[in-house]
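This is what each chain is made of:
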There are 2 protein chains.
Amino acid sequence: MPIDPRPVPLSPTLAVNEAIVRKRREGVPVLPLGFGEAGVPIHPALVRELSAAAGRGAYGPVAGSAALRAAAAGYWSRRGLPTDPETVVCGPGSKALLFGLLLAVGGRVAVPSPSWVSYAAQATLAGHAPALVATPPGEGGVPSAALLADAVVRARAEGRPIRAVVVTLPDNPTGTLASEETVRKLCGVARDHDLLIISDEIYGDLVHDPARRVFSPARVAPERTVVTTALSKHLAAGGWRLGVARLPEGPFGRALRASLVGLASEIWSASPAPMQHAAAYAFGEPPELVAHVERSRRLHAAVTGAVADRFAAAGARVRRPEAAFYVYPDLEPLRDRLRAAHGVTTGAELTGLLLERYGVGVLPASAFGEADGVLRVRVAPTMLYGDDDDRRLEALGSPDPVSLPWIAGALDRLSGVLADLTDLTDLAAPAPGRACGAGHRTGSGHSPVAAAAS
Amino acid sequence: MPIDPRPVPLSPTLAVNEAIVRKRREGVPVLPLGFGEAGVPIHPALVRELSAAAGRGAYGPVAGSAALRAAAAGYWSRRGLPTDPETVVCGPGSKALLFGLLLAVGGRVAVPSPSWVSYAAQATLAGHAPALVATPPGEGGVPSAALLADAVVRARAEGRPIRAVVVTLPDNPTGTLASEETVRKLCGVARDHDLLIISDEIYGDLVHDPARRVFSPARVAPERTVVTTALSKHLAAGGWRLGVARLPEGPFGRALRASLVGLASEIWSASPAPMQHAAAYAFGEPPELVAHVERSRRLHAAVTGAVADRFAAAGARVRRPEAAFYVYPDLEPLRDRLRAAHGVTTGAELTGLLLERYGVGVLPASAFGEADGVLRVRVAPTMLYGDDDDRRLEALGSPDPVSLPWIAGALDRLSGVLADLTDLTDLAAPAPGRACGAGHRTGSGHSPVAAAAS
């Protein structure tokens, strides 16, 4: 055969989504908690804007329409980041823009550990395996300043210098928001070691406490910070594929912009024109969209909080999320039970068991750059909001969404799965029964819990 | 500054488009002949389909929706290429798919010379400068089989083996369609030397003679041929960003698909969901769209033919295009005049003069991989169809579009520019007057022709 195609695994978040869709199609009852989709309908006003622009067939400028760039500049300016529309570049999703930025950097980057699955994968595709740097305790998304400084010095000594650092504010997978102090320290290290900062703020409007706001590194180190965001999370339009990046002003920013726009022109030409029109409307933040985002934020807070409580009740170590729509429980306290009942010793074994035995789709910490043995899982409960738009809208409008029968039922099923997972009852039987019990459990394919909930 | 961003020039086609937009904004009368946009409105039925799907906010499968993949499979099956929907992968434009394929190949590729500007640029970004291989006389888009075989043997001896070959059927920039014999010979070389064939058939439905059809290499060498197409050209929806690839069946095809889908999942996640819905409708080829494509084809044939005639009348060497919407005249017969009147000796000097002095945007042959000294230019006359949709629709429906006043006027202006460009009258004056004449010409910024046509 002519070539040996480069082996590139499917992005784990998309892979678990597709596995869940397959299982559902096979008639297996599923609990889809793997995929980072916002889980609410796009607001009708935003849909109307896309409809109105459906006839736009021209390519338009690579960097995006003037209207969209001006609207995005206004969006950032209202968040304490005065922005010249000339520094804004639009792309088909912020994922594509991040890949373009990593190609433009053309060198090694540091990424937080844990962090979103695609930073490390993209960096590797762009030619340089990243340096993984742990985050401070309780704060995800921003590498610990001291550890980053160490990594930079070490990498330079090894002849593989680090050129940039990626941060996520607020964070996926941990659902936390790094403090101003942590961000300031990170910026200090970036200045000392002359690093570009790429700040992925796609969950920026989904901080659960409305009084808390993201403190962007662009506030402290504007000369070296790129900020990205998109319509995918707070406006639930992931399927539209539209993101924006805000680049630094000045000669360096202009050179970076020229490189990014050049790469964009060769990789994706331009972003979808109808979506650009709708995005210009969205970044203008009309009151109906602001209210919609506020309702989504409350829904995400309520359900992720309830999920965290269920994990805590089952004996996991877990923080209540502060932002976004993820929970990141650690099943370390249950390690002995998991090993005894199922022979599980790694995160991937744990999530594989959850998927195959219970139809529960979650991702292991290893997908986010943590060690294989870590028993944390990322839980994304947004798909529980409803199977159709009527239910999703009801969840969005409900003062107490976790009491809605389909959400309460899913949460109860999750509790049942967790109880069954760590249940050692069968193991109390004598040794032969033990093996038999384990065989019975994995042999059926469906657990009693999964069957009951179907 | 933290990093030295990778220098990536803007894709020349997009760059000339943006230069023309800037000039127009400055009030300079322009003749925009640089950009490969279809120049006709999207059919209302297709717009309606996008509108109907505007609310689709979910990401969906990386490879594309089942409905779109089935429709694309049907489209190819009706063209003599029976297609399993499982072998179809959708992307945000066929440009992004081509980049993904080059990354999946992970080695050096051969591209025709001349050929579309982005193949070579993408190959370089993917890590390997391409081998440029000349096409047979009068047939663009497919490297000469003998020259390709030579290049492959030489490259292997140099330790930089060629893994794949890109072909364009029909061709951009030449507007020609390679013959079945040429395609068969190319496939023979690909088999002999075990090359992957990437066949870009985005202009496949725009062969001017309805009795002639593209002969795809996938007919002869299905085990090693990937075919790409999109909505951008025959359906005029470039701004929608939606393309599809048809991969080989069998183990090699499956490995290539896994690699491409993995890359897609990390670079662009998925293609815009509303566009996928509309594309499924489009690839179903309902009669109203088939008729629309037929009308576009006639319009492209009429106007490109007329443009070719104008260049021929001005003394250029030029073929009447057989497909797509490009003319590729060679001003070599006018070389002495161009040098005497303007000091022009390269293609880029020629197109620079045309843009700055006359507001005429065309691309030099060097942008398509030909030598700097070649005086060919690529002319894309689709922007002349009209400045608004009323005119474009009138052009589309006209039995004789070149007689419409705005198209006839633009063609006359083109003739005027070409006459002025090669006019040596001023040069008949004595030596001092000569320099003065040249100074007067370039000093005004607007030529008399451009001013008259404004």
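Residues numbered from 1 in each chain as written. Chains lettered and ligands numbered in written order. Predicted model: local features only at pLDDT ≥ 70, side-chain atom pairs only at ≥ 80, totals over all residues. Heavy atoms only, no water.

Per an unreviewed UniProt entry, chain A goes by the name Aspartate aminotransferase and belongs to Actinomadura namibiensis. For the record of chain A, the UniProt heading Sequence similarities (unreviewed entry) holds the text "Belongs to the class-I pyridoxal-phosphate-dependent aminotransferase family." (UniProt positions renumbered as here; feature names shortened; annotations may be inferred.)

Engineer: An account of the pattern of salt bridges is needed here, citing residue identities and associated values.
Structural biologist: Under the counting rule described, the total for this entry stands at 48 salt bridges over all chains. Across the pair B:Arg376 and B:Glu370 runs a salt bridge, and its minimum N-O distance is 3.2 Å. Assessed through its relative accessible area of 25%, B:Arg376 is described here as partly exposed. Accessibility expressed as a relative area gives 17% for B:Glu370, which makes it buried. Through salt bridges with shared partners, a single network forms among A:Arg78, A:Arg79, A:Asp205 and A:Glu285. (Salt bridge = Lys/Arg side-chain N within 4 Å of Asp/Glu carboxyl O. Buried < 20%, exposed > 50% of the residue type's maximum accessible area, 1.4 Å probe, protein only.)

Engineer: Outline the sheet that holds strand β8 (residues 243–246) of chain A, supporting the account with residue identities and numerical values.
Structural biologist: Residue and element names in this part refer to chain A. Spatially, the 7 strands line up as an open sheet ordered β2-β8-β7-β6-β5-β3-β4, and their pairing is mixed. Edge positions in the sheet fall to β2 (88–91) and β4 (131–134), since each of these pairs with one other strand and no more. Taking each pair of neighbouring strands and ignoring which way they run, the sheet shows an average axis angle of 25°. One ladder, built from 4 bridges, connects strand β6 (residues 196–200) with strand β7 (residues 225–230); its direction is parallel. Residue pairing for β7: Asp200 is matched across the bridge by Thr228. In the packing of helix α9 (residues 250–267) onto the sheet, contacts are made with β2, β6 and β7, and the angle to β2 comes to roughly 20°. (Pairing = 2+ DSSP bridges. Helix = DSSP H or I, 4+ residues; strand = E, 2+ residues; numbered from the N terminus. Axes fitted to C-alpha atoms, helices over the stretch in contact; angles between N-to-C directions. Contact = heavy atoms within 4.5 Å.)

Engineer: Quick rundown of the relation of the copies chain A and chain B? Include the residues and the values.
Structural biologist: Two copies of one chain are present, and they are related through a rotation about an axis combined with an axial shift. Each copy of the sequence occupies a distinct position, and chain A is placed on chain B by a rotation of 180° and an axial shift of 0.0 Å, giving an RMSD of 0.0 Å. Here the transformation between the copies is reduced to the relation of a two-fold axis. Closest approach to the rotation axis among the C-alpha atoms of chain A is made by A:Ser51, whose C-alpha sits 2.2 Å away. Comparing interface residues between copies, 100% of those in chain A also sit at the interface in chain B, which points to an isologous, same-surface contact. (Least-squares fit on C-alpha atoms with pLDDT ≥ 70 in both.)

Engineer: Tell me about the interface of chain A and chain B, and name the residues and values.
Structural biologist: At the interface, 72 residues of chain A touch 72 residues of chain B. Summed over both partners, the interface of chain A with chain B comes to about 5,800 Å²; 63% of that surface belongs to carbon and sulfur atoms. Here chain A is connected to chain B by 0 salt bridges. Counting residues per element, the ones that place at least two in the side of chain A that touches chain B are α1 (12–25), α2 (44–52), α4 (94–105), α5 (117–125), α9 and α10 (273–283) of chain A. The biggest single contributor to the side of chain A that touches chain B is α9(A), with 11 residues. Its residues placed into classes, the side of chain A that touches chain B shows 44 nonpolar, 16 polar and 12 charged. (Buried area = accessible area lost by both parts, 1.4 Å probe. Nonpolar A, V, L, I, M, F, W, Y, C, P; charged D, E, K, R; others polar.)

Engineer: Tell me about the packing of α2(A) against α10(A), and name the residues and values.
Structural biologist: All names here are of chain A. Two numbers describe how α2 lies on α10: the axes approach to 8 Å, and their chain directions differ by 140°. Here the hand of the crossing between α2 and α10 comes out right-handed. Residues Ala45, Leu46, Glu49 and Leu50 of α2 touch α10, and the partners they reach there are Pro274, Met275, His277, Ala278, Tyr281 and Ala282. Classifying every residue of the contact of α2 with α10 by side-chain character gives 8 nonpolar, 1 polar and 1 charged. (Left-handed = near helix turned anticlockwise from the far one by under 90°.)

Engineer: Quick one: what's the story with the pairing of strand β5 (residues 162–168) of chain B, residue by residue and with numbers?
Structural biologist: Residue and element names in this part refer to chain B. For β5, the buried fraction is high: 6 of the 7 residues fall into the buried class. The sheet contact formed by strand β3 (residues 108–113) and β5 spans 3 bridges and is parallel. Paired with Ala110 across the strands is Val165, a residue of β5. Note that the unit made of β5, helix α7 (residues 180–192) and strand β6 (residues 196–200) has a crossover that is right-handed. (Right-handed = clockwise from strand over helix to strand, strands pointing away.)

Engineer: Which residues make up the state of the cysteines, and what values go with them?
Structural biologist: Note on terminology: disulfide describes a covalent bond linking the sulfur atoms of two cysteines. In total, this model carries 0 disulfides over all chains according to the counting rule given. With no disulfide partner, A:Cys90 has as its closest neighbouring cysteine sulfur the one in B:Cys90, 18 Å distant. Judged by relative accessible area, which is 0%, A:Cys90 ranks as buried. (Disulfide = S-S within 2.5 Å.)

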